[in-house]
Structures are given as structure tokens and as C-alpha cells.
Amino acid sequence: MRDRRRRRARLWCGAAAVAAIMLTSGCTGQRAAGPDDWALEPISFQSSFVGSGPEATPAGPPTDLSYGRHVLSADGAGGFWATSSGSWLHVGADGETLARFDTDPGAPVSRIGAMAPLSATELVVLQGDRAHVMPMISVLDTTTMTMRDLPGDVVGDQGDFDYGDFEFGDVAVHDGDAIVVRYQPRPPDAYLDYEVLRVDLDSGTRTLLHSGPVALDEAPSARPGIPPIGIDVDSAGRVYLATPSARIVLAADGTELSRDRQVAEHPLVAVAPDGTALWWGGELEQSDVQGVIVGGSPDARTAVERRLHCAETSNGDILRRDDALRLGDAAGQHPLPFLCGANAAAWTGGSWVVATGGEGDGVLVRLTPPVGG
């Protein structure tokens, strides 16, 4: 009996020593992000609640792996909203899950194609898929989830080839106005024009800032939809456009400031207030930049690691989206070798939130720039 107690004591001492080593070195072998590293942190959230409204209580543990979300916006208060197919998530600036709910499949809020913050309680949203709801610009009150629709553009009031609000692409907000991408067919040619419009959110009045052609055979993986174009603005009102063929920056009045060629299947741009921009498009380029995954569950970390390689993953799987990421700032363009093929992204609370993945491997990632600049 005494020998058995001694053996048990030795086992406990050995286990304690191993635990101490694991705590010192990190039990999963994870390394901390250094001052020159980008930090990639999977965001956990509460996926279900009991009850509704302020009295709702969390049900079960939080998760950081779900299905991919495709529409993302800052919330105007340091947090963010994310939605896809009528499933809504609101995460606050401190990481707390403020809301998580599903809407009726037939409700207008289930068909949101893009959104941007107007205030801490309002989002400008683009709704409609032409098959069920005509394209429309609306202001969504997030406290009641009710919408105020703006007047539409009359078809034909600018001539025979004026198709009104034929289709919307993406939206940003600056100084209380919406900055919107709208498409216009140009028959019989196999292309459309995209337009960048400044829209008064009271009257619905549109002002054309910029336009250009986009061929229907651009971004073939986006078919049968229209080739996507992403848009964002910085605090000075400069407009950033990510098209299948170019990365474009416009002055607030629509004057073109720069244009860089690219070939992108799912072009995307997300801009910080100072004009530092994340662009998705084209193939991965060589880079010495390091990205470090911080925290997260093993499954979420694996999903993020899969996006270190844009063409294929370490196990040979092909990514559904493979556009590479780059940073654009006053010093130029800088390839970033991680988070290939994002669904959506937004700057909020001092970092970017990036939505990645699809069914079963969707992760929301907080992407923080190096603290060393």
C-alpha cells in the first residue's frame, strides 16, 4: 500500500512538471505574434440563445467555426454585423455576442446583398435579387430590424438605355450619403457599365461619380451572377473600387487618382480610416511578411491555415475562393501571404474583421496589423 502511494505521488509530481512546462511553452505549440507580425485571431461567438430580446440567455458554449458569412459590416461602435441567408450575428467591440437570430426566409432582411454603417443603430443595406425582390437601397434600424426604403430610380427617364436600378453591387457610407455600385446593361454588347453613385439617404437623389465597363465573361467563377465589384471609403471620402480587372482609387468627387491592373474572381476591398486598404484579387506573390494565428479552437485554426496557400491547401483541397490578399498604403502595394479567398471584410475597432470559408469551415477572423508598423 505504501509503495502504491509513493508511485501515485511520483505520477502526480511528473504530471505537475509536464503541466508547468506546457504552460511555459504553450500547450499547443502556438507562438505569440511579435511586433512585426500580423495577428489572425478566430472570433468566437454565441451561436444560440434561450429566449429573446434583453432577457435572452446563452445556450451552450461559444463557437468559432460555423458556415461562411458573405455580408459583413462595422456596426458604428467598434463591433460588427454579419449575415448570410437570413442568419444574423452582432458582435460588440469587446467581443460579446450582442445578437444572434434567424429571420423568415421570405422577409426582406433575409435578402441583403451588402451593408455599411450609417450610425450605431442604422445600416444602409442593398436588398433584392431580382427573382423575388427588386433591387432597392434601404436604411435598416438594427434595434427593431425594420427598414425604410429609398425611392427607386425610374426606368427610362435618362433615355432608352436607362434601366434604372437594374442591379446593385456593393455599398459604403460617407458623410451621411451612401456610395453605391450599380450596374447598367448595354445591349446588344456582352458587357455592362458599372456606376459609382453618391445617394442622398433622405431623398434618394443619385449623383454619378464614376463609371466603366465590365465584361460579362470577367470573373467566370462568379457566374451566373454579375461580375462582382467591391467598394469602400476612407475618412477623407476617397473611394476604393475592387473590380475583376483593376484596383481603383477615386477622389471624393469621382476623379480617378490611381488604377492598378489585376485579374480577380471575387475582388474585395476593405479600408481603414487613414486609407490603408486590404485588397483581394489575383495570384499569391512572394512575401516575407508573417501572419500568426492567435488563439482559436483547433478546427478554426486549421480552417485559417488552409488559406495560407491560394491555389490549394496542404492536403490538396482546392479553395472555393482563391484571390490573394495584399495591403495598399502610401508606400505602395505589399503582398500578404494569408487569408486567401475572403468572402467579406470590414474595418472596425482598430482592426479588420474578415469572413472566410463555406459550409462547415467558416471562420470570422480579426486581422490586426503589426504593432511595430
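The notes below deal with the structure included here. These numbers were taken from a predicted model, which means no experiment stands behind them.

Time to look at the overall build of the protein chain. Each helix and strand counted, the protein chain has two helices and 27 strands in total. Looking at the protein chain as a whole, 47% of its 373 residues are labelled buried. A separation of at least 24 residues holds for 50% of the contacts in the protein chain among residues at least 6 apart in sequence.

The next point concerns the packing of aromatic side chains. Tallied over the entire structure, the rule returns seven aromatic pairs. With centroids separated by 6.2 Å and ring planes inclined at 50 degrees, the aromatic side chains of Tyr240 and Trp279 adopt a geometry described as tilted. Taken together, the residues Tyr240 in strand E17 (residues 239–242) and Trp279 in strand E21 (residues 277–280) connect sequence positions 39 residues apart. Note on Tyr240: relative accessible area 5%, which makes it buried.

What follows covers the pairing of strand E23 (residues 325–329). Counting buried positions along E23 gives four out of five residues, so the element sits mostly inside the fold. Relative to E23, E21 runs antiparallel, the two being bridged by four bridges. Across the sheet, residue Trp280 finds its bridge partner in E23, namely Leu325. Direction of pairing for E23 relative to strand E24 (residues 332–336): antiparallel, over a ladder of five bridges. Counted as the bridge partner of Gly328 is Gln333 from E24.

The next subject is the sheet that holds strand E27 (residues 363–368). Here we have five strands laid out as an open sheet, ordered E22-E1-E27-E26-E25, and mixed in their pairing. In this open sheet, the two edge strands, each paired with only one partner strand, are strand E22 (291–293) and strand E25 (344–348). Ignoring which end each strand starts from, the neighbouring axes of this sheet average 25 degrees apart. Sheet topology note: the strand E1 (residues 38–42)/E22 ladder contains three bridges and is parallel. Opposite Ala39, over in E22, you have Val292 as the bridge partner. Sheet strands touched by helix H2 (residues 298–305): E1, E22 and E27. Its angle to E27, the strand with the most contacts, is close to 70 degrees.

Right, let's get into the nonpolar core. Of all hydrophobic cores here, the largest spans 23 residues; its most connected members are Trp38, Leu278, Leu339, Trp352 and Leu367. Breaking this core down by element, the ones donating at least two residues are E1, strand E20 (268–271), E21, H2, E23, strand E26 (351–356) and E27. Setting aside residues no more than four positions away along its own chain, Leu367 makes contact with Trp38, Ala39, Leu40, Leu278, Leu325, Phe338, Leu339, Ser351, Trp352 and Val354. The next biggest cluster of nonpolar side chains, apart from the first, holds 17 residues, and it includes Ile229, Ile231, Val233 and Ile248.

Reading the values: the criteria
Residues numbered from 1 in each chain as written. Predicted model: local features only at pLDDT ≥ 70, side-chain atom pairs only at ≥ 80, totals over all residues. Heavy atoms only, no water. Helix = DSSP H or I, 4+ residues; strand = E, 2+ residues; numbered from the N terminus. Buried < 20%, exposed > 50% of the residue type's maximum accessible area, 1.4 Å probe, protein only. Contact = heavy atoms within 4.5 Å. Phe/Tyr/Trp six-rings, centres within 6.5 Å; stacked < 30°, edge-to-face > 60°. Pairing = 2+ DSSP bridges. Axes fitted to C-alpha atoms, helices over the stretch in contact; angles between N-to-C directions. Core = buried A, V, L, I, M, F, W, Y, C linked by side-chain atoms within 4.5 Å.

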